[in-house]
Amino acid sequence: MSGISVHTGRGAAMALCTLLALTACGGDGGGGESAAAAPQQRDAAPTAVDRGRDIFRFETFGNQGFWTTAMRLPQGIEDSGMTPLQALEMGLNINTAALEPQQAEALRNAAARIEAGADPADTVLAEPTLFNAWLNQGAVIGLVPFRADGERKPLGSSDGFTGGGLNLAADDRLGVSCALCHASTGGDGLAPGVAGAGSAGLPVDGVIARDLDVGALFATANNPLAYLPLLQLRLDQPGAGDDDQGGLLDGLLPSGPEPEPYDGVTVGRGDFAGIPADGTLEEATAAAREYLTGTYQQDGETRRYYPLTSFDGTPDGLGNASITPPFFRTDLAAPGSHAGIFEQVDDFNNLDYTVAMEPTSLLTESGRAFLSVVAGRLGDEIARRYEAVLRDTGVIPEGMAATDVIPFVEVERTDLPVGAPAGPVGRRVAQQKLDDLRAYTDQLPAPAAPDDLDADQVAAGRALFTTSREDGGAGCVACHTADPNQPVSAEVVPIETLYPAYNDELLVLFERSTVSDFSDVQDARGGPAPAYDDSVVALDATLRGGQRGFAQPLLLALDGKARFLHDGSVRGSDARDGLDRLLDPARGEQAPHPFYFPENLDQGDDAQGRAALVEYLRSRTTTPKEEAL
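My aim in this report is to walk through the structure given alongside it, one point at a time. Keep in mind that this is a model prediction, so the values were computed, not measured.

**Considering the overall build of the protein**
Piece 1. Along the backbone of the protein there are 17 helices and 16 strands.
Piece 2. Counting every position in the protein, which comprises 629 residues, the buried fraction comes to 58%.
Piece 3. Residue pairs in contact within the protein that sit at least 24 positions apart in sequence constitute 74% of those at least 6 positions apart.
Piece 4. When the accessible surface of the protein is totalled, it reaches about 23,500 Å², and 47% of it is carbon and sulfur.

Following this line, the structure appears as structure tokens:
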């Protein structure tokens with residue numbers, strides 16, 4: 001019998017999801033004050049917000065060990081000869097306030113030449129050594145450089161900077177912070193679209209890094225298989241001769257007849273067959289890169305298995321990357337994930353730091369138990385394959401136990417019960433830093449409304465939004481908050497309500513409901529959008545006593561995006577077009593989120609009313625907290 005305790009209450013096996021991936025939120029612009037580009041000199045002691053800013057931008061909790069030793073991301077960047085131009089094309093953003101003066105001047109000169117008509121490839125942006133220098137200066141937002149002694153390197157603009165590039169031979173390391181996906185710039189150095197999706201300028205915190213290609217960044221790493229639990233696998237049913245888990249998991253896993261085999265099953269977008277368990281290491285690595293960067297055809301469009309502006313933080317072996325949301329005004333968000341799994345933002349942030357950004361915690365005793373509790377034999381398969389990959393790629397040296405080498409994450413507690421909300425894999429980072437991070441993101445303002453709004457249409461759209469269906473409106477306030485300054489409801493909307501075709505064809509992979517209040521691990525295979533439920537196949541709100549479904553979004557900063565719903569399945573050429581398609585009854589009664597204006601086409605269309613509703617949605621923003629008090 002293991003000495004590890006297992007949390008079996010309503011919060012059992014609280015799980016992972018993708019950085020507060022709220023169903024329809026997103027945007028660019030706004031967020032944290034761009035003038036706060038670097039830690040400021042102050043006479044008074046730093047406040048929680050000051051500390052939280054630094055945590056948001058630079059804190060890794062030691063994950064530089066994972067990204068450098070296991071994923072080998074900086075090695076891949078160096079080996080590929082990545083240039084600033086390629087980084088910008090990947091959607092990475094550059095904090096110009098962090099650059100040393102000479103580098104800042106080189107960027108300004110390149111921007112001026114591009115504005116005058118030069119091809120960006122004919123400027124210094126095409127020089128690999130320049131990007132290496134920017135990494136070393138901490139100027140690539142969300143990628144944090146460290147010295148061999150574990151100290152974070154000073155920004156290039158600071159007095160302590162000594163020059164040069166990132167030196168892997170001297171055991172320099174590179175970690176990842178929240179800002180990678182949840183910050184951008186004001187574009188005052190290079191606007192998005194000038195030299196790629198990324199931008200350069202003073203940092204803007206809390207907004208999404210629009211069109212960031214997380215998949216391509218991970219694929220650049222020399223060992224992308226180190227991220228295996230969060231990639232799309234081909235799942236193979238374990239044989240009957242496998243060891244009995246017993247002890248720790250007694251009473252939590254189904255007993256009796258074996259479940260139906262799921263040999264060769266994979267869950268994800270398009271026609272990707274999943275990363276196989278057999279074959280060579282080279283073949284598995286190639287499959288991982290195909291998943292991260294490959295494309296498929298749907299509805300006459302080319303789409304990505306791992307879409308732009310998406311992240312998958314769920315260690316379930318499924319291909320369910322979701323649209324990355326903003327990270328501002330987190331005091332208004334409820335619950336703390338798009339699938340409603342967490343009630344507290346702190347708990348979600350902790351799970352992100354201890355698993356999504358450093359998944360080797362899954363190979364601790366508590367991590368393995370967590371996988372078994374939430375996914376049974378499927379979870380056991382993920383753990384076995386993950387350890388084998390880390391051994392085959394030299395992350396775990398021959399003859400050493402896994403826990404002699406991993407995890408890399410630095411935590412304050414390791415005594416939490418498996419599945420506890422405070423630390424589902426038994427681990428929790430420093431609570432003071434979680435408190436400070438929340439203090440910072442709670443007060444980050446939403447972006448301002450766009451300048452091109454039609455005031456009359458906004459007023460008409462607001463009336464439709466707040467008026468019930470019975471009275472001729474769109475009835476949106478039946479679910480969504482009328483006042484964007486108010487917290488959203490903590491209610492999780494049932495999956496069947498949001499996707500009426502959900503129950504048409506279900507594949508059950510693990511019958512958790514036979515022994516607990518958890519829903520079964522099951523995948524919808526029918527209807528017009530079978531991938532819509534992929535992010536709640538294994539991890540959903542029933543793990544805390546709720547129901548399978550999705551949380552309600554903030555409906556802020558919608559003008560900065562063109563893809564809607566958590567999976568980005570409704571898309572347009574811009575925000576107006578995307579929102580119009582989302583609300584158009586022509587999508588059909590069985591489509592995801594079938595709440596339209598007009599409600600249906602029985603009495604004809606009302607494109608004018610829908611346009612007004614779209615204009616109102618584009619206008620929604622918040623009053624700064626100090627003004628609202």
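**Things to note about the environment of Arg469**
Piece 1. Locating Arg469 in the fold gives a position in the loop between α13 (455-466) and β11 (492-494).
Piece 2. With a relative accessible area of 27%, Arg469 lands in the partly exposed category.
Piece 3. Excluding its chain neighbours within four sequence positions, the residues that come into contact with Arg469 are Ala474, Gly475, Phe595, Tyr596, Phe597, Pro598 and Glu599.
Piece 4. Separated by 3.2 Å, the side chain of Arg469 and the backbone oxygen of Ala474 make a polar contact.

**Details of the nonpolar core**
Piece 1. Residues Leu125 and Phe218 are the most contacted members of the largest nonpolar core, which totals 158 residues.
Piece 2. Tallying contributions element by element places helix α11 (residues 365-392) first for this core, with 12 residues.

**A short note on helix α5 (residues 101-115)**
Piece 1. The end-to-end C-alpha distance of α5 is 21 Å, a good match for the 21 Å that 15 residues give at a rise of 1.5 Å each.
Piece 2. Buried within α5 we find Gln103, Ala104, Ala106, Leu107, Ala110, Ala111 and Ile114. For α5, the angular spread of the buried residues around the axis is 160°, confining them to a single face. With respect to the buried face of α5, the exposed residues turned more than 90 degrees away are Pro101, Gln102 and Glu115.
Piece 3. Following α5 by one or two positions, Gly117 has its phi on the positive side, about 115°.

**Looking at the packing of helix α15 (residues 575-583) against helix α16 (residues 607-619)**
Piece 1. The geometry of α15 relative to α16 is characterised by a closest axis approach of 9 Å and an angle of 125° between their N-to-C directions. The angle between α15 and α16 places the two elements in the oblique class. Between α15 and α16 lies a crossing of right-handed hand. In this structure, α15 uses Arg576, Leu579, Asp580 and Leu583 to contact α16, whose residues at the interface are Arg610, Leu613, Val614, Glu615, Leu617 and Arg618.

**Thoughts on the packing of aromatic side chains**
Piece 1. In this structure the tally under the stated criterion is 16 aromatic pairs.
Piece 2. Seen in terms of ring centroids, Phe56 and Phe327 are 6.4 Å apart; in terms of plane orientation they differ by 25°. Their pairing is stacked. Within this pair, whereas Phe56 is found in helix α1 (residues 48-58), its partner Phe327 is found in the loop between β10 (322-323) and α10 (345-356), the two being separated by 271 residues in sequence.
Piece 3. Assessed through its relative accessible area of 1%, Phe327 is described here as buried.
Piece 4. The ring of Phe58 is capped by Arg152, whose NZ or CZ atom sits 4.0 Å from the centre of that ring.

**As for the side chain of Ser619**
Piece 1. Its place among the elements puts Ser619 in helix α16.
Piece 2. For Ser619, the side chain forms a polar contact with the main-chain oxygen of Tyr616, separated by 2.6 Å.
Piece 3. Those residues in contact with Ser619, other than ones at most four positions away along the chain, are Ala449, Leu453 and Val458.

**A look at unusual backbone geometry**
Trans peptide bonds make up the majority, and among non-glycine residues the majority have a negative phi.
Piece 1. Residue Ile406 is joined to Pro407 through a cis peptide bond whose omega torsion reads 0°.
Piece 2. Here Pro407 is to be found in the loop between α11 and α12 (431-443).
Piece 3. Phi is positive for Asp299, which is not a glycine, with a value near 50°.
Piece 4. Judged by relative accessible area, which is 66%, Asp299 ranks as exposed.

**Some remarks on a negative patch on the surface**
Piece 1. Judged by side-chain charge, Glu470, Asp471, Glu589, Glu599 and Asp602 come together as a negatively charged surface patch.
Piece 2. With respect to the helices, strands and loops of the structure, Asp602 is situated in the loop between α15 and α16.

**Here's the deal with the packing of α1 against α12**
Piece 1. Here α1 crosses α12 at 95°, and the two axes come no closer than 7 Å. Relative to α12, α1 is oriented roughly perpendicular. Every residue of α12 that contacts α1 at Ala48, Val49, Arg51, Gly52, Arg53, Ile55, Phe56 and Arg57 is listed here: Gln432, Lys433, Asp436, Leu437, Ala439, Tyr440, Thr441 and Gln443.
Piece 2. Partitioned by chemical class, the residues of the contact of α1 with α12 number seven nonpolar, four polar and five charged.

**Overview of the pattern of salt bridges**
Piece 1. What the rule picks out here adds up to 32 salt bridges.
Piece 2. Across the pair Asp205 and Arg57 runs a salt bridge whose closest N-O atoms are separated by 2.7 Å. With Asp205 in strand β6 (residues 203-205) and Arg57 in helix α1, the pair connects residues that are 148 residues apart, well separated along the chain. Taken as a pair, Asp205 and Arg57 share a single burial class, namely buried.
Piece 3. The salt bridge involving Arg108 is made with Glu105; its shortest N-O contact spans 2.7 Å. A residue pair is termed a helical-turn pair when its members lie 3 or 4 positions apart in one helix, as Arg108 and Glu105 do in helix α5 at three residues.
Piece 4. What emerges from the salt-bridge pattern is a single network uniting Asp452, Asp559, Arg576, Glu615 and Arg618.

**Brief notes about the side chain of Gln232**
Piece 1. Its place among the elements puts Gln232 in the loop between α8 (214-220) and α9 (281-293).
Piece 2. A polar contact of 3.4 Å, which involves the side chain of Gln232, links it to the backbone oxygen of Phe272.
Piece 3. If we ignore the near neighbours within four places in the chain, the residues touching Gln232 are Thr266, Val267, Gly268, Arg269, Phe272, Gly274, Ile275, Tyr291, Gly317, Leu318 and Gly319.

**Things to note about α15**
Piece 1. Taken together, the buried positions of α15 are Ala575, Gly578, Leu579, Leu582 and Leu583. Buried residues of α15, viewed axially, fall in a sector of 125°; they line one side.
Piece 2. Those residues of α15 that are buried are in contact with β15 (563-564), β16 (570-571) and α16.
Piece 3. For α15, the capping residue at the N-terminal end is Asp574, with a side-chain oxygen 3.3 Å from the backbone nitrogen of Arg576.

What counts and what doesn't
- Residues numbered from 1 in each chain as written.
- Predicted model: local features only at pLDDT ≥ 70, side-chain atom pairs only at ≥ 80, totals over all residues.
- Heavy atoms only, no water.
- Helix = DSSP H or I, 4+ residues; strand = E, 2+ residues; numbered from the N terminus.
- Buried < 20%, exposed > 50% of the residue type's maximum accessible area, 1.4 Å probe, protein only.
- Contact = heavy atoms within 4.5 Å.
- Areas by Shrake-Rupley, 256 points an atom, 1.4 Å probe, with all protein chains shown as cover.
- Polar contact = N/O pair within 3.5 Å; in protein donor to acceptor, adjacent residues only side chain to side chain.
- Core = buried A, V, L, I, M, F, W, Y, C linked by side-chain atoms within 4.5 Å.
- Expected span 1.5 Å × (residues − 1).
- Arc of directions from axis to C-beta.
- Axes fitted to C-alpha atoms, helices over the stretch in contact; angles between N-to-C directions.
- Parallel < 35°, antiparallel > 145°, perpendicular 65-115°, else oblique.
- Left-handed = near helix turned anticlockwise from the far one by under 90°.
- Phe/Tyr/Trp six-rings, centres within 6.5 Å; stacked < 30°, edge-to-face > 60°.
- Lys NZ or Arg CZ within 6 Å of the ring centre and 35° of its normal.
- Patch = residues over 30% accessible without salt bridge, like charges linked within 9 Å, V, L, I, M, F, W, Y side chains within 5 Å.
- Salt bridge = Lys/Arg side-chain N within 4 Å of Asp/Glu carboxyl O.
- Lys, Arg positive; Asp, Glu negative; His and termini not counted.
- Charge placed at Lys NZ, Arg CZ, Asp CG, Glu CD.
- Nonpolar A, V, L, I, M, F, W, Y, C, P; charged D, E, K, R; others polar.

By themselves, these are just geometric observations and shouldn't be taken as functional.
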